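The lines below spell out each chain.
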Amino acid sequence: MARKINRIGVFTSGGDAPGMNACIRAVVRTALYNDLKVTGILQGYQGMISNQFIDMNSRSVSNIIQLGGTILKTARCADFRTPEGRKLAYENIKAEGIDALVGIGGDGTFTGIEVFSREFDIPVIGIPGTIDNDLYGSDFTLGFDTACNTVIEAIDKIRDTAASHDRLFFVEVMGRDSGCIALNSGIAGGAEAILMPETGTAIDDLIGQLEKAADGKKTSTIVIIAEGEMNGGAYNVAKRVKSKFDFYDTKVTILGHLQRGGAPSSFDRVLASRLGFAAVNLLLAGKSRRVVGLRGNKISDINIEESINNKAFKLADDMIELSNVLAI
Ligand code: ATP
């Protein structure tokens, strides 16, 4: 028989991502709609350890669907990695009356709730929230679509100046281990070349690609570089390539943290709402240790260990080929 849940604790953890607020809203309102109580836990796992709890009602999540960041704040918490830290967290959430958890974050966040639920037998559900789109179990993670939109807005602006001055631009985007932002925004922004950690482009190959672009009389060339690709980032790549293209004015732009902020896109708001709704419904159905996600345009869920133990490889072969074909 499903265990009776009275109060859900919801938190965001790891890196912030646009859409987290829309997701918090969906969790809170779905829970209240089903006569559950909700506690917002501030600063992720840190808030469980240092007793940072707020009672949430429907108005606590008014006017946040359009906001980037997370109203619950987020943190990386070393103490939660220790058994003593988790024991203290458990005592605090028990005293607060929380009997199930919904954690929004990346694979580190999922690992935290997985260990916690095993140690203290508390129902947990993970919701994939990270701009990197690098989690197994969901075709898309919260914040990815918005981050790509931010990047293409920047690429469009860079293209204007690049085309006016015959410039060769190297634009570095986020993605330490994942080329998802680079590939998607590179295709959407019409990049001439895209460097990603998964594909590992050698400098000589890149030079070959850029020579082709120059032979094709392109007046501007934009190379998108994921920060974690193997040649050490945009400045290093630019340094090594520049001398071969002295007819171009070579420039580097690092987009950095602006990719994390901003109002979530329509796609991220709807995805966040669907996933928050699904997470609470799973708890109501007596499920635990699941990660919710969107797969083939259907909301589904998988075991949390399956999500943690599998590496997501989301660079579709056809998209890699497409990016090369359309760059001629
Ligand atoms: P992002 O993808 O944006 O980095 P993330 O959720 O992967 O998000 P992490 O910093 O890796 O971010 O993890 C968030 C928090 O989860 C950590 O600060 C820590 O408190 C907790 N956590 C991660 N791994 C473990 C673990 N093995 N045991 C217990 N807690 C963990």
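Cut-offs applied
- Residues numbered from 1 in each chain as written.
- Predicted model: local features only at pLDDT ≥ 70, side-chain atom pairs only at ≥ 80, totals over all residues.
- Heavy atoms only, no water.
- Core = buried A, V, L, I, M, F, W, Y, C linked by side-chain atoms within 4.5 Å.
- Buried < 20%, exposed > 50% of the residue type's maximum accessible area, 1.4 Å probe, protein only.
- Contact = heavy atoms within 4.5 Å.
- Disulfide = S-S within 2.5 Å.
- Near = heavy atom within 4 Å.
- Polar contact = N/O pair within 3.5 Å; in protein donor to acceptor, adjacent residues only side chain to side chain.
- Areas by Shrake-Rupley, 256 points an atom, 1.4 Å probe, with all protein chains shown as cover.
- 1 Å grid on protein atoms, 1.4 Å probe; cavity = no way out; pocket = protein on both sides within 12 Å on 5 of 7 lines; lining within 4 Å.
- Sits in = over half its atoms within 2 Å of the grid points.
- Helix = DSSP H or I, 4+ residues; strand = E, 2+ residues; numbered from the N terminus.
- Nonpolar A, V, L, I, M, F, W, Y, C, P; charged D, E, K, R; others polar.
- Axes fitted to C-alpha atoms, helices over the stretch in contact; angles between N-to-C directions.
- Parallel < 35°, antiparallel > 145°, perpendicular 65-115°, else oblique.
- Left-handed = near helix turned anticlockwise from the far one by under 90°.
- Points joined across faces, edges and corners; volume = space filled by probe spheres on them.
- Domains from an automatic or database assignment.

Trainee: Please clarify how the nonpolar core should be interpreted in this entry.
Mentor: Counting residues in hydrophobic clusters, the biggest one holds 59 residues, and the most contacted among them are Ile8, Ile127 and Ile224. Apart from the residues within four sequence positions on either side, Ile8 is in contact with Ala31, Leu36, Lys37, Val38, Thr39, Ile98, Ala100, Val102, Val280 and Leu283. By size, the runner-up hydrophobic cluster in this structure holds 22 residues, among which are Ile41, Cys77, Val124 and Ile302.

Trainee: Explain the state of the cysteines here, please?
Mentor: Cysteine pairs can be linked by a disulfide, which is a covalent bond between their two sulfur atoms. Across all of its chains, the model carries zero disulfides by this definition. Just so you know, Cys23 is unpaired, no disulfide at all, and the nearest cysteine sulfur is the one on Cys148, 19 Å from it. Overall, Cys23 belongs to the buried group, its relative accessible area being 0%. Cys148 carries a free sulfur, and the closest cysteine sulfur to it, the one in Cys180, is 8.0 Å from it. The class of Cys148 is buried, set by a relative accessible area of 10%.

Trainee: Please explain the site of the ligand as it appears in this structure.
Mentor: With respect to spatial proximity, 16 residues lie near the ligand, and among them Arg76, Cys77, Gly106, Gly108 and Thr109 are the closest. In this structure, an oxygen atom belonging to the ligand sits 2.9 Å away from a main-chain N or O atom of Gly106. The separation between an oxygen atom of the ligand and a polar side-chain atom of Asp107 is 3.1 Å. Here the ligand loses 84% of its free accessible area of 620 Å² to cover by the protein chains. According to the grid-proximity analysis, the pocket containing the ligand is the largest pocket. The biggest single contributor to the shell around the ligand is helix α4 (residues 107-120), with five residues. Within the shell around the ligand, the residues separate by chemical class into three nonpolar, nine polar and four charged.

Trainee: Teacher, can you tell me more about the packing of helix α6 (residues 180-188) against helix α11 (residues 317-325) here?
Mentor: Two numbers describe a pair of packed helices, the interaxial angle and the distance between the axes. Running from N to C, α6 and α11 point in directions that differ by 40°, and their axes come no closer than 10 Å. Relative to α11, the element α6 is oriented oblique. Of the two elements, α6 crosses α11, and the hand of that crossing is left-handed. Across the interface between the two elements, Leu183, Asn184 and Ile187 of α6 pack against Met319, Ile320, Leu322 and Ser323 of α11.

Trainee: Quick question: what am I supposed to make of the layout of surface pockets here?
Mentor: Space left empty within the atom packing is revealed by a probe, the size of a water molecule, rolled over the atoms. If you add up the space inside the largest pocket, you get close to 970 Å³. Lining the largest pocket are 42 residues; nearest its centre among them are Arg76, Gly106, Asp107, Gly108 and Thr109. Elements that contribute at least two residues to the lining of the largest pocket include exactly α4 and α10 (304-309). Tallying contributions element by element places α4 first for the lining of the largest pocket, with six residues. A per-class count over the lining of the largest pocket returns 13 nonpolar, 16 polar and 13 charged. Looking at which domains feed residues into the lining of the largest pocket, each of domain 1 (7-143 + 264-309) and domain 2 (146-261) gives three or more. Of the pockets and cavities examined, the second largest pocket occupies roughly 150 Å³. In terms of lining, the second largest pocket is formed by Glu192, Ala193, Ile194, Met196, Thr199, Thr201, Gln209, Ile320, Ser323, Asn324 and Ala327. If you list the elements that add at least two residues to the lining of the second largest pocket, you get β7 (193-195) and α11. In terms of residues, the lining of the second largest pocket owes the most to one element, α11, which gives three residues.

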